[in-house]
Amino acid sequence: MSVPVAILISGRGSNMLSLVKACKAPNFPAHIVQVISNRPQAQGLEAARAHGIDTRIIDHTLFASRPAFDQALGEALDQAGARIACLAGFMRLLGPQLVSAWHGRMINIHPSLLPAFKGLDTHERALKAGVRQHGCTVHFVSAGMDEGPVIGQSAVPVLPGDTPQTLGKRVLAAEHRLYPACLRALAQGDVCLDSGCTTTAPREQG
Ligand code: GRF
């Protein structure tokens, strides 16, 4: 059985593409039904279309309130027939109603080893903090920003002379491996938010 998945983006969409490509592999337990962007100019939209993926724009600036945007997004996810939603560089905070409607079925990727470095500019902050290891996390979406139970993490070393750019590139390569592994685990029931499945989170050493 293949689980229908929608991907939410706001920009470049390289993680979205890693999921699209992974889903094309034989026996992958999920397929992408739609890519949704809150920004009409998101680079990832064109990339998704080039891979034959249906796209939709839900421009948050056209909505009077956050709940109104969330409602439109929830309706779009339902209309697309999605059972799992993957946030991939999606730069909007979602409200409690939408988050609870997608409890256990909405996941996000963040470029740090959570709970360290929630929020923006994670590579710069990791370098300033002097950590020896950095990385990325895929987690279930909960009401708090970059919170929610962790599904998988991938660590990369911080090397002498690293800049936010060189470190970010190393982390991004890890993201592109980790996100498909975590989507696979969720789609085939190896990991879940509540009890009822075997919780073997994907792990990868950088
Ligand atoms: C990634 O680093 C992701 O972890 C973060 O935003 C960035 C999006 O990059 N949430 P892309 O759009 O997937 O290329």
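Residues numbered from 1 in each chain as written. Predicted model: local features only at pLDDT ≥ 70, side-chain atom pairs only at ≥ 80, totals over all residues. Heavy atoms only, no water.

Cis peptide bonds are those with omega within 30 degrees of zero, and the linkage from Leu 114 to Pro 115 qualifies with 10°. Inspection of the secondary structure puts Pro 115 in the loop between β5 (106-110) and α5 (122-129). The phi angle at Phe 117 is positive, at roughly 55°, despite the residue not being glycine. Note on placement: Phe 117 falls in the loop between β5 and α5. A relative accessible area of 18% means that Phe 117 is categorised as buried. (Helix = DSSP H or I, 4+ residues; strand = E, 2+ residues; numbered from the N terminus. Buried < 20%, exposed > 50% of the residue type's maximum accessible area, 1.4 Å probe, protein only.)

Let's shift gears to the packing of aromatic side chains. One pass over the structure, following the stated rule, counts 1 aromatic pair. Residue placement shows Arg 92 over the ring face of Phe 69; its charged tip is 5.8 Å from the ring centre. Over the ring of Trp 102 we find Arg 105, and its NZ or CZ is 4.1 Å from the ring centre. (Phe/Tyr/Trp six-rings, centres within 6.5 Å; stacked < 30°, edge-to-face > 60°. Lys NZ or Arg CZ within 6 Å of the ring centre and 35° of its normal.)

In the vicinity of the ligand, the contacting residues are Arg 12, Gly 13, Ser 14, Asn 15, Gly 89, Ile 109, His 110, Pro 111 and Glu 175. Residue Asn 15 places a main-chain N or O atom 2.9 Å away from an oxygen atom belonging to the ligand. Separating an oxygen atom of the ligand from a side-chain N or O atom of Glu 175 is a distance of 2.6 Å. In isolation the ligand has 370 Å² of accessible area, and contact with the protein removes 85% of it. Every element with two or more residues in the shell around the ligand is listed here: α1 (14-23) and β5. A class-by-class count of the residues in the shell around the ligand yields 2 nonpolar, 5 polar and 2 charged. (Near = heavy atom within 4 Å. Polar contact = N/O pair within 3.5 Å; in protein donor to acceptor, adjacent residues only side chain to side chain. Areas by Shrake-Rupley, 256 points an atom, 1.4 Å probe, with all protein chains shown as cover. Nonpolar A, V, L, I, M, F, W, Y, C, P; charged D, E, K, R; others polar.)

Attention now moves to the nonpolar core. Judged by nonpolar contacts, the single largest core of 42 residues is most densely connected at Ile 7, Cys 86 and Leu 183. Take this core: its biggest share by element is 10 residues, from helix α6 (residues 164-187). Setting aside anything within four residues of it in sequence, one finds Leu 183 in contact with Val 5, Leu 19, Cys 23, Phe 28, Ala 30, Ile 84 and Cys 86. Counting residues in each nonpolar core, the second largest holds 19 residues, with Ile 58, Phe 69, Leu 98 and Val 99 among its members. (Core = buried A, V, L, I, M, F, W, Y, C linked by side-chain atoms within 4.5 Å. Contact = heavy atoms within 4.5 Å.)

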